[in-house]
Amino acid sequence: MFSLTVRRNFMIAHSLPRAAFGPAQGLHGATFVTEVTFRRRALNDDSIVLDIGEAGGVLDSILERLNYKNLDEHPDFAGKLSTTEALAQYIADAVAARIRGGKDGQELAGLDVTLRETPDAWASYSLDFGAR
């Protein structure tokens, strides 16, 4: 299995209004280092997993909708908790929807999104696109 990873940062504000989140119940900010890894069983005709510029551009377009936003007011998170895990899934689903439309995207085996909230804590979400 081959992989290509692109990395970006984004910042959000949000609250997690449940007792399980302790002080994070109140409005607070978070800065995430976002890594998206694209997986492919065989390289394409250009001997790559995916064009790095295309991969980064797709991630940029998804994060632009989140960066510097209060997720408590974001329509995509209405009535939902915007935990690190939920954000990883949201980003993975959005990237998959954008990337799978292209020729190379059709050949991808899957992708993984990792959100690093601190150097010591992160969450990930994986999507497998099934056997091709």
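A short tour of the structure in this document, coming up. (Residues numbered from 1 in each chain as written. Predicted model: local features only at pLDDT ≥ 70, side-chain atom pairs only at ≥ 80, totals over all residues. Heavy atoms only, no water.)

## Observations regarding the overall build of the protein chain
For the record, the criterion: Here a strand is any run of E in DSSP of at least two residues, a helix any run of H or I of at least four, and the numbering for each starts at the N terminus. With the radius of gyration taken over C-alpha atoms, the globule rule is written as 2.2 Å times the number of residues to the power 0.38. Burial status follows relative accessibility: with a 1.4 Å probe on protein chains alone, a residue under 20% of its type maximum counts as buried, one over 50% as exposed, and anything between as partly exposed. Contact definition: two residues touch when any of their heavy atoms are within 4.5 Å.
Within the protein chain one finds three helices and five strands. Walking the protein chain from its N terminus toward its C terminus, one meets helices and strands in the order β-β-α-β-α-α-β-β. Relative to a compact globule of 132 residues, whose C-alpha radius of gyration would be 14 Å, the protein chain shows 16 Å and is just as compact. Taken over the C-alpha atoms alone, the protein chain extends approximately 50 × 25 × 25 Å along its principal axes. Within the protein chain, buried positions represent 42% of all 132 residues. Sequence separation of 24 or more characterises 69% of the internal contacts of the protein chain that already satisfy a separation of 6 or more.

## What to know about the packing of helix α1 (residues 52–64) against helix α2 (residues 84–99)
We count it as follows: Angular values range over 0 to 180 degrees, each being the angle between N-to-C directions of two axes fitted as lines to C-alpha atoms, with helices fitted over their stretch in contact. Orientation labels follow simple angle bins: below 35 degrees gives roughly parallel, above 145 gives roughly antiparallel, 65 to 115 gives roughly perpendicular, and whatever is left gives oblique. Handedness of each helix crossing follows the sense of rotation of the near helix against the far helix: counterclockwise by less than a right angle gives left-handed, clockwise gives right-handed.
With their axes 10 Å apart at the nearest point, α1 and α2 run at an angle of 130° to one another. Judged by the angle between their axes, α1 and α2 are oblique. Once α1 is placed against α2, the crossing between them reads as right-handed. Contacts between α1 and α2 involve E54, V58, L59, S61, I62 and L63 from the former and I91, A94, V95, R98 and I99 from the latter.

## Looking at the pairing of strand β5 (residues 121–128)
Rule in force here: When DSSP finds at least two bridges between two strands, those strands are taken to pair.
As judged from the eight bridges shared by strand β4 (residues 110–118) and β5, these two strands associate in the antiparallel manner. Paired with D112 across the two strands is S126, which belongs to β5. What sits between β4 and β5 in their antiparallel hairpin is a turn of two residues.

## Some thoughts on a negative patch on the surface
Put simply, the rule reads: Note that patches include only residues with greater than 30% relative accessible area and no salt bridge, and the join distances are 9 Å for like charges and 5 Å for nonpolar side chains (Val, Leu, Ile, Met, Phe, Trp, Tyr). Residue exposure ignores everything except the shown protein chains as possible cover, and the areas themselves are Shrake-Rupley values with a 1.4 Å probe. For this document, the term salt bridge refers to a Lys or Arg side-chain nitrogen within 4 Å of an Asp or Glu carboxyl oxygen. Charge convention: Lys and Arg are scored as positive, Asp and Glu as negative, and His as well as the terminal groups of each chain are ignored. Where a charge lies is defined by one atom per residue type, namely NZ (Lys), CZ (Arg), CG (Asp) and CD (Glu).
There is a patch of like negative charges on the surface, built from D45, D46, D51 and E54. On the secondary structure map, D45 appears in the loop between β2 (28–40) and α1. Here D45 falls in the exposed class, since its relative accessible area comes to 73%.

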